[in-house]
Structure formats: structure tokens, C-alpha cells
Amino acid sequence: MIITDAWLAKSRAIYLSGTKLVVAGFVAALALMLVAAGMYHWVFLKGAREGWPVIGTLVKLMVKDEFDQRDRFLRENLDVMARRLGEMQAKMMQLEALGERVSGLAGVNPNDIKTLPGRGGALVTGRSLTMEELQATLADLDKLTDQRVDLMTVMESRLFDLKIKKMMVPTQQPVAGSSLGSSFGWRIDPMNGRSALHTGLDFPAEPGTPILSAAGGVVVTQEVHPAYGNMVEVDHGNDLVTRYAHASRVWVKKGDLIKRGQKIAEVGTTGRSTGPHLHFEVLVQGVFQDPQKFLTAGQKLPQGAPAFAVARPQPPTQLPSLQVAQPPRPK
């Protein structure tokens, strides 16, 4: 390459190898690109600010396209957020319904749960959440809601089982408003004046007074017995049976499914009786139990089914020769 300077009337010769020629071409191309970019940027900005016809139109098209892309992105994210909020709302409604059922089974007023607790404190401001952080928070809340729904479902099942067991335990007063006559245990027999085991509770009442089932169950016996008179036996499951004796009239029959507190008979004085009253017995595995324990437990422990120890009644120490005999069950 020979460079001639006309003003100085001098010439200079430069010898370039292949590598130097490539580097020189690259540098020249880079410089040309930088100059072109700078000119384009300057012309574009100047045209956009001064509103040149062609440049202004191009700027509007680019800005509009950018805004359209941003709006499209926001709409897509809003649609996703709306779907997530809909799912969360459905789960919260399910959780609220479960909470009301569980609180009802547990004996808690649902309005007490809905009351928002007081909150407050000093305000410490922070940055706004990003879309990724908001989506992560919603995902965590969704997972927590699923766990709470599963937990509440298990709690509802357990509480329902406890309620069913409680309804099958004879804790209902068999004669409403009646005072206790004879209690369970050893006493002087009103017929023969000798010591005898009273295997239940006596509730004196006017003839025709409703006799209520102490718990839900199935009628297994309904007949006239020489000692018990008009008698009804109800099986509550788990080898637990209640017996209602001396009734004047019976409203159920063998095989009937009855519920707690249902009227099954009326007070009378049939059988071995000195006056109108209900003789109420509780048997566990065929062994007489003190019904007062069940009735008292129903008043003191309303939250769950009480547990009772099955024990045979023992005769008093001053009567060692007496034997505890169970009255024959009617066939």
C-alpha cells in the first residue's frame, strides 16, 4: 500500500501482512458500525423529539407494539391469577363449610371462629412483591389450604364417630322431669321385706307419662314379663342393652330402629310393681350396671362418650350369704 501526500509532495509505503490486513479491516468495519449507530441514534432521537414525519411514525409504531406486548403479558398473567383466585375461593368456601360442621360437632359457636382477631403494630414499609413472589405465595397458600382441608376432614370424621358413639350410650333421662325413687344396689324388697338387689333405677311418674329411649339403638325385646310387666329392651351395640319395665303401653315393636329421646312407651304399673313408675336398667355384656353413672356422665361430659368400667355389684359385708342373681332375661 502506497500513500501519497499531495500537499507535502511526499509518499510513504506501508507493507501489510495477511494478519495485519484482516485486523485493519476489522477495525475499519467496527469504526464504521459505531459511526453508523451513533448517527442513527442521533437522527432517530432528534426526529422523534421534533416530530419528523417518517421518524415519528416509526416511533409510534414501536411504542404501540411495545405497549401491546406489555398489555398482552399483563392480561395473560391476570387470567392466570383470576383462575388461581377462583380455585382459592372455592377451597376457602369448602374449608369454611368444613369448619362450621366441625365446630358444630365440637360444640363451638361458628360465629366465635369467624370473628377476626385484633392486629396492629408499627408500620415498617418494604418493597412491592414481584409477580414471581406473588405466584409463589399463592402456591404456598394453596398447599396450606389443601392440608387444612385434609385435616378438617379427618377431624370431622373423628368427631362424627364420637358423636355417634355418644348417641349410642344411654345418657338420656328416660322420664323427663321425674325424680329418682329407688336407686341401684341392695335394698329392702317392698314386696317381701327381705334384702334384695335392685338392678336398676325407679322413676315414679303419673300413668301415661312418656318413656324416652336413653340412647339410639334397635328394639330386641318387646313383650309382657311376669316381673317386669310390659317391657322393652333396646340394644345399643357393643353388648350394651337398656331395659324399660312396668309400662302401661308400648309404642315400639321388636326390630324397630329408634333414636335417642324417642318415645317408646308410657309409664304404668304392670308386672311386679307397687305403683306407677318406670324401672330402668342398663346391662353391659349381660351384667347389671348402675344406670345413674351413665345419666350423670351424660350431664358432666357432653363432649364425648364416657367410659364405664364393667363390674358386678357386690353384696354388703353384713350379708355374706346372699348371692347376686340376675333376673332371667325373657326369651
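Parameters and conventions
- Residues numbered from 1 in each chain as written.
- Predicted model: local features only at pLDDT ≥ 70, side-chain atom pairs only at ≥ 80, totals over all residues.
- Heavy atoms only, no water.
- Helix = DSSP H or I, 4+ residues; strand = E, 2+ residues; numbered from the N terminus.
- Buried < 20%, exposed > 50% of the residue type's maximum accessible area, 1.4 Å probe, protein only.
- Contact = heavy atoms within 4.5 Å.
- Areas by Shrake-Rupley, 256 points an atom, 1.4 Å probe, with all protein chains shown as cover.
- Salt bridge = Lys/Arg side-chain N within 4 Å of Asp/Glu carboxyl O.
- Phe/Tyr/Trp six-rings, centres within 6.5 Å; stacked < 30°, edge-to-face > 60°.
- Lys NZ or Arg CZ within 6 Å of the ring centre and 35° of its normal.

Participant: Whenever I open this one, the overall build of the chain confuses me. Can you help?
Facilitator: The secondary structure content of the chain amounts to 5 helices and 13 strands. A burial count over the chain gives 27% of its 331 residues as buried. Excluding contacts between residues fewer than 6 apart, the proportion of contacts in the chain whose partners are at least 24 apart in sequence is 63%. Accessible surface, the chain as shown: approximately 22,300 Å² in total, 61% of it carbon and sulfur.

Participant: Before we go on, may I ask you to explain the side chain of D142 in this structure?
Facilitator: Position of D142 among the secondary structure elements: in helix 4 (residues 131-167). You can call D142 buried: its relative accessible area is 15%.

Participant: So what exactly am I meant to see when it comes to the pattern of salt bridges here?
Facilitator: In this structure the tally under the stated criterion is 6 salt bridges. Where E233 meets R243, a salt bridge forms, and the shortest distance between an N and an O atom there is 2.7 Å. Of this pair, E233 sits in strand 8 (residues 229-235) while R243 sits in strand 9 (residues 240-250), placing them 10 residues apart in sequence. Each of the two residues, E233 as well as R243, counts as buried. Of the charged contacts, one joins K253 and D256 as a salt bridge, the two residues approaching to 3.2 Å between their closest N and O atoms. The class for K253 is exposed, based on a relative accessible area of 52%. Look at the salt bridges and you will find they share partners, linking E233, R243 and E281 into a network.

Participant: I would appreciate a short explanation of the packing of aromatic side chains in the present structure.
Facilitator: Here the distance between the centres and the angle between the planes together describe a pair of aromatic rings. In the structure shown here, the tally under the stated rule is 1 aromatic pair. Look at Y244 and F280: their rings are 5.4 Å apart centre to centre, the planes differ by 40°, and that puts the pair in the tilted class. Within this pair, whereas Y244 is found in strand 9, its partner F280 is found in strand 12 (residues 277-284), the two being separated by 36 residues in sequence. For Y244, a relative accessible area of 2% gives the class buried. The ring of W251 has R249 lying over it, and the distance from NZ or CZ to the ring centre is 4.2 Å.

Participant: I keep staring at unusual backbone geometry and nothing clicks. Help me out?
Facilitator: Excluding glycine, residues mostly carry a negative phi; peptide bonds, for their part, are mostly trans. The phi dihedral of N238 is positive, around 55°, even though this residue is not glycine. By secondary structure assignment, the location of N238 is in the loop between strand 8 and strand 9. On the basis of relative accessible area, N238 is assigned to the exposed category, the value being 76%. One non-glycine residue, Q285, adopts positive backbone phi at about 55°. Checked against the element boundaries, Q285 lands in the loop between strand 12 and strand 13 (287-289).

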